[in-house]
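Per-entry structural report
One letter stands for each residue in the lines below.
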Amino acid sequence: MSAPAPLPAVVLGARGTLGQALVECLPARGYDVRAALGSADGDITDAATVRAIVDRHRPAVIFNAAAFTDVDAAETAPDRAFAVNALGPENLARAAAATGAVLLHYSTDFVFDGESERPYDEFDPPSPQGLYARSKLAGERLAAAATARLFTVRVGCLYGRGGRNFPSTILRRLKAGETVRADGDRSASPTWVRPVAEISAALARTDHYGLYHCTSQGETSWADFARFIAAELGVPRERVLALPTAALPLKAPRPRRAILDNRMLRLRGLDTMPGWQEAARAFIASEASA
């Protein structure tokens, strides 16, 4: 019996950390990536541009990893944040609905205020605190109103090859001999982008549309995550300095403990997300062999 034909796909946000992982992962999992587009290749805030992209490439699945992710900058550029994070997903959802495509859209753990002492599942009510968080929640809602064939996947604390955010740079900075200053107060579930991309590929082949959480298992502080990386590298733990959140130059509020429970993935039999330690070791090994 011949293998099924690859599913045509388009990846938005393809220059970002998660987008790059998707472009690398999808072909091996039965997708034909017909277009991998960064912000310079197509403005998702423009409905006509989005529809032209979808009409040109005719994807069966659209993976939207495009976002305005500068949490602090969103506080002073709220219209831009809402345009990209709210109107962008709505435009993609409308184009998907018009052409029969499926949309898999990524959101964030920041939609919660982080004050719960237990992990948040998909049935907990959001309570976004900053402009970035509010814009991402708006994107969830506008996309859901525009198409029924939607997977909304909340992720958080992502890191990966070439990433410029804090967790992505820890490995490079420690290898370079730098001292890393990290938040010792806030808890997180550091999540490598590769298993997120793998689960996304599997999820998008189902018809179990809806809201999903997708982060590594377990939690740690950012300082302890950095110390774990240091220990794996054989670097003295003194090269990691734990600072209180109040001492960090942050403009926007951050959740104190936005830990997600992958309940819906688990119920669907799709939660293959590793523990954060296992994922970090695999990331270090992959970087060493790159």
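Below you will find a few notes about this structure. (Residues numbered from 1 in each chain as written. Predicted model: local features only at pLDDT ≥ 70, side-chain atom pairs only at ≥ 80, totals over all residues. Heavy atoms only, no water.)

Turning next to the environment of Pro119. As for its position among the elements, Pro119 is in the loop between strand S4 (102-108) and helix H4 (131-146). Among the residues examined, Pro119 registers a relative accessible area of 33% and is labelled partly exposed. Along the chain, Pro119 and Arg263 lie 144 residues apart, while their C-alpha atoms are 9.9 Å from each other. Residues within four places of Pro119 in sequence aside, it is in contact with Asp124, Arg257, Ile259, Leu260 and Asp261. (Helix = DSSP H or I, 4+ residues; strand = E, 2+ residues; numbered from the N terminus. Buried < 20%, exposed > 50% of the residue type's maximum accessible area, 1.4 Å probe, protein only. Contact = heavy atoms within 4.5 Å.)

The buried fraction of strand S5 (residues 150-155) amounts to six of the six residues, a majority that puts the element mostly inside the structure. Neither face of S5 is left uncovered, since the one carrying Leu150, Thr152 and Arg154 and the one carrying Phe151, Val153 and Val155 both have all their residues buried. Of the strand pairs in this sheet, S4 and S5 are connected by six bridges, and their pairing is parallel. Looking at the pairing, Leu103 lines up with Leu150 of S5. Handedness of the S4-H4-S5 crossover: right-handed. When S5 meets strand S10 (residues 210-213), the two strands line up parallel, connected through four bridges. Its bridge partner lying in S10, Val153 is registered against Tyr212. (Pairing = 2+ DSSP bridges. Right-handed = clockwise from strand over helix to strand, strands pointing away.)

Our focus in this paragraph is the packing of aromatic side chains. This model, assessed by the stated rule, comprises 12 aromatic pairs. Here Tyr31 and Phe63 contribute two aromatic rings whose centre-to-centre distance is 5.5 Å and whose plane-to-plane angle is 75 degrees, an arrangement assigned as edge-to-face. With a gap of 32 residues between them, Tyr31 in strand S2 (residues 31-37) and Phe63 in strand S3 (residues 61-64) connect regions that are remote in the sequence. One cation-aromatic arrangement involves Arg205 over Tyr31; the distance from NZ or CZ to the ring centre is 5.0 Å. (Phe/Tyr/Trp six-rings, centres within 6.5 Å; stacked < 30°, edge-to-face > 60°. Lys NZ or Arg CZ within 6 Å of the ring centre and 35° of its normal.)

What follows concerns the sheet that holds S5. Taken in spatial order, the six strands of this open sheet run S2-S1-S3-S4-S5-S10, and their pairing is parallel. Edge strands, defined here as strands with exactly one partner in the open sheet, are S2 and S10. Put simply, the sheet's adjacent strands are angled 20 degrees from each other on average, direction ignored. H4 contacts S4, S5 and S10 of the sheet and is inclined by roughly 160 degrees relative to S4. (Axes fitted to C-alpha atoms, helices over the stretch in contact; angles between N-to-C directions.)

With eight of its 11 residues buried, helix H6 (residues 193-203) lies for the most part within the structure. Inspection of H6 places Val193, Pro195, Val196, Ala197, Ile199, Ser200, Ala201 and Leu203 among the buried residues, and these make up the whole buried set.

Interaxial distance between helix H2 (residues 47-57) and helix H3 (residues 78-99) falls to 9 Å at its minimum, and their mutual angle equals 40 degrees. Comparing their axes, H3 and H2 come out oblique. As for the relative orientation of H2 and H3, their crossing is right-handed in sense. Facing H2, whose interface residues are Ala47, Val50, Arg51, Val54 and Asp55, H3 presents Asn91, Leu92, Ala95, Ala98 and Thr99. Grouping the constituent residues of the contact of H2 with H3 by class yields six nonpolar, two polar and two charged. (Parallel < 35°, antiparallel > 145°, perpendicular 65-115°, else oblique. Left-handed = near helix turned anticlockwise from the far one by under 90°. Nonpolar A, V, L, I, M, F, W, Y, C, P; charged D, E, K, R; others polar.)

Charged atoms that come close allow side chains of opposite charge to pair. Within this structure, the stated rule accounts for 21 salt bridges. Between Asp224 and Arg227 there is a salt bridge, and its shortest N-O distance comes to 2.8 Å. Residue Asp224 and its partner Arg227 are both found in helix H7 (residues 222-233); the two are separated by three residues, about one turn of the helix. According to the relative accessible area criterion, Asp224 is partly exposed, its value standing at 36%. Overall, Arg227 belongs to the partly exposed group, its relative accessible area being 21%. (Salt bridge = Lys/Arg side-chain N within 4 Å of Asp/Glu carboxyl O.)

What follows covers the state of the cysteines. Counted according to the given criterion, the structure contains zero disulfides. Take Cys214: it sits in no disulfide, and the sulfur closest to it among the cysteines is that of Cys25, at 11 Å. (Disulfide = S-S within 2.5 Å.)

What follows is about helix H5 (residues 166-175). When H5 is considered as a whole, its buried residues turn out to be Pro167, Ser168, Thr169, Ile170, Leu171 and Leu174. On the buried face of H5, the contacting elements are helix H1 (17-25), strand S6 (158-159), strand S7 (180-183), H7, strand S12 (240-243) and helix H9 (276-289). Where H5 ends, the next residue or the one after it, Gly177, has phi of about 90 degrees, a positive value.

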